[in-house]
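Summary of the model geometry
One-letter residues, chain by chain:
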Amino acid sequence: MSGDSPQDWRHPGYVAVIDLVAARAGLLPPSCPPAAMEGIDRAMARAGLSDFPTYLARLEAEPAMLDDLLVELTIGETYFFRTPEHFRFVRYQVLPDVLRRRGPGHVVRVWSAGCASGEEPYSLAVLLMEEGYGERMEVRATDVSRAALARAQLGSYSEWSLRGSEARRMRPFLLAEGKRYRLVPQVRNRVHFGYLNLADDTWPSHTQGLWGMDLIFCRNVLIYFNRPTIEAVARRLHASLAEGGFLIAGPSDPPLNTFAPFETILTDWGLVYHRTAPGQTPWAHSVRHAPPPAPRPVPTPPPVASTPPMSSPQPMPESPSPLGLEGAKRALALGDWGEAARLAAAHPEDAEAEAMAIRALANVNPLAAVRACTEAIRRHPLAVELRYLEAMLLLGLGRLAEAERAARQAIYLEPSLAVAHLMLGHILRRQGDTEGARRAFRTAESLCATLAPDTLVPLADGERAGRLAEVAREERTRLEAVREETRE
């Protein structure tokens with residue numbers, strides 16, 4: 001841009017725009033300032049403006065202009081049946097539970113929050129149609145981008161929207177129009193689109209139809225919000241669910257169970273949140289083995305672990321003996337693995353003690369350490385260190401697929417855990433997924449680079465950020481060199 005728009009992210013104009021976005025929409029400061037700067041430039045160019053004071057005044061006065069900017073600062077990437085595990089969970093777990101509780105005449109209410117160009121809500125509509133809910137469904141879809149909503153309502157898509165492994169399920173409902181496809185009316189008319197900025201406090205809302213939901217998809221949206229906004233949105237999402245309803249977030253979204261009284265269900269692929277009805281048995285204990293309603297044979301659903309809802313009274317565990325844990329730490333430092341494992345294992349109510357026992361046991365009997373880790377995870381399903389240790393142990397045993405699952409669960413619970421990304425990179429490289437490994441190493445490098453070089457990295461056994469960043473960079477560079485050689 002020309003005039004008052006410099007190429008320096010620290011310019012007061014860019015800073016003022018980001019401050020306004022944080023105040024009005026609850027967005028975090030951008031993780032990649034140059035990309036955000038380019039996005040602001042594009043939004044200003046579309047508005048025909050080149051000076052920040054005028055642009056800021058227009059952003060304050062015109063909601064549509066702010067929405068246009070938000071689209072530039074977030075990513076609306078999607079395709080049909082993206083993350084198939086989520087849709088399988090709905091089919092084999094959510095819908096049977098709704099049928100059991102609400103009966104065969106119930107109209108299933110579903111909301112796609114942050115629907116972008118519409119592939120997600122249309123996928124949900126097709127899933128419900130496949131399961132026999134054609135006349136007993138209500139699918140709502142909202143987004144902050146009015147342009148994206150307009151595209152979604154047209155229902156016209158390219159092959160790019162069909163690139164997922166499960167996207168073939170959409171083809172019976174698509175009509176070819178040159179190089180594009182148009183959704184048939186029987187699917188398009190099932191979804192009700194509407195504008196909504198999740199950061200606003202205007203919902204839940206009966207007038208918008210955003211209430212009493214059996215299922216909410218809010219995937220890869222909350223990653224953009226600052227903590228106060230996440231807290232407010234989490235409470236409103238909980239309030240928007242019907243009693244017994246489910247919320248599925250994205251793998252990179254922050255955990256929400258500390259902000260609202262969700263029951264937290266940890267699956268092999270991530271977290272699901274459940275609004276427990278008063279007096280209801282925790283969902284994972286009551287229906288996880290219930291068969292789906294369809295008469296055709298179905299695969300056994302993946303096992304889940306659950307934590308009680310925040311609102312349920314829980315007995316307070318006895319405090320672990322400080323002397324016992326200190327003794328375990330001393331034994332661990334001296335290399336007395338058996339004694340360290342014995343002392344730490346005496347405190348199964350403490351996740352940190354369990355991790356200490358597993359670390360000690362791993363030096364003596366790795367297979368026993370894996371078994372102990374599995375038991376500890378059952379007691380502490382949201383303990384990040386236990387998931388990380390499980391991944392490390394399984395990697396050492398060569399059980400790569402299981403190690404990948406554990407590493408991804410650790411990352412899901414704590415996206416900023418650099419050592420988990422580094423480990424995932426090693427796992428994926430050994431599995432032959434060089435591109436995935438490269439991305440994991442790059443993420444680990446970026447996370448370490450945000451810290452001072454001498455900062456101790458969590459769960460890294462005394463390694464410092466500068467050294468781990470160097471390790472991740474070397475691994476990434478090696479993979480990129482191999483990729484270039486392959487291209488040549």
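Residues numbered from 1 in each chain as written. Predicted model: local features only at pLDDT ≥ 70, side-chain atom pairs only at ≥ 80, totals over all residues. Heavy atoms only, no water.

A look at helix H14 (residues 366-379)
Taking 1.5 Å per residue as the helical rise, H14 with its 14 residues ought to reach 20 Å, and the 20 Å between its terminal C-alpha atoms agrees with that figure. Ala 368, Ala 369, Val 370, Cys 373, Ala 376 and Ile 377 are the residues of H14 that are buried. Summarising the contacts, the buried residues of H14 are in contact with helix H13 (351-362) and helix H15 (384-396). (Helix = DSSP H or I, 4+ residues; strand = E, 2+ residues; numbered from the N terminus. Expected span 1.5 Å × (residues − 1). Buried < 20%, exposed > 50% of the residue type's maximum accessible area, 1.4 Å probe, protein only. Contact = heavy atoms within 4.5 Å.)

Notes on the sheet that holds strand E5 (residues 180-183)
Here we have 3 strands laid out as an open sheet, ordered E3-E5-E4, and antiparallel in their pairing. Each edge of the open sheet is held by one strand with a lone partner, namely strand E3 (156-157) and strand E4 (174-177). The pairing of E4 with E5 spans 4 bridges and is classified as antiparallel. Across the sheet, residue Glu 177 finds its bridge partner in E5, namely Arg 180. (Pairing = 2+ DSSP bridges.)

Quick look at the pairing of strand E9 (residues 263-266)
Residues Glu 263 and Ile 265 of E9 are buried on one face, and the alternating residues Thr 264 and Leu 266, pointing to the opposite face, are buried as well. Note: E9 against strand E10 (residues 271-274), 4 bridges, orientation antiparallel. If you follow Thr 264 over to E10, its bridge partner there is Tyr 273. Where E9 folds back onto E10 in an antiparallel hairpin, the turn is made up of 4 residues, including Gly 270, whose phi is positive at roughly 150°.

Some words on the nonpolar core
Where a protein is soluble and globular, its nonpolar side chains tend to be buried together. Residues Ile 40, Tyr 55, Trp 111 and Leu 198 are the most contacted members of the largest nonpolar core, which totals 96 residues. Discounting residues that sit within four places of it in the chain, Tyr 55 has contacts with Val 17, Ile 40, Ala 43, Met 44, Leu 49, Met 65 and Leu 69. (Core = buried A, V, L, I, M, F, W, Y, C linked by side-chain atoms within 4.5 Å.)

Some details on the packing of H13 against H15
Where H13 contacts H15, the axes come no closer than 9 Å and their chain directions differ by 15°. The angle between H13 and H15 places the two elements in the roughly parallel class. Between H13 and H15 lies a crossing whose hand is left-handed. Residues Ala 351, Glu 354, Ala 355, Ile 358, Arg 359 and Ala 362 of H13 form the contact with H15, whose own contacting residues are Glu 385, Leu 386, Leu 389, Met 392 and Leu 393. (Axes fitted to C-alpha atoms, helices over the stretch in contact; angles between N-to-C directions. Parallel < 35°, antiparallel > 145°, perpendicular 65-115°, else oblique. Left-handed = near helix turned anticlockwise from the far one by under 90°.)

Remarks on the packing of aromatic side chains
By the definition in use, this model includes 9 aromatic pairs. An aromatic cluster of three or more residues is present, and its members are Phe 80, Tyr 122, Tyr 157 and Phe 193. Here the basic side chain of Arg 146 rests over the ring of Tyr 195, its NZ or CZ set 3.9 Å away from the ring centre. Directly above the aromatic system of Trp 160 lies the positively charged group of Arg 163, at a separation of 3.9 Å from the ring centroid. (Phe/Tyr/Trp six-rings, centres within 6.5 Å; stacked < 30°, edge-to-face > 60°. Lys NZ or Arg CZ within 6 Å of the ring centre and 35° of its normal.)

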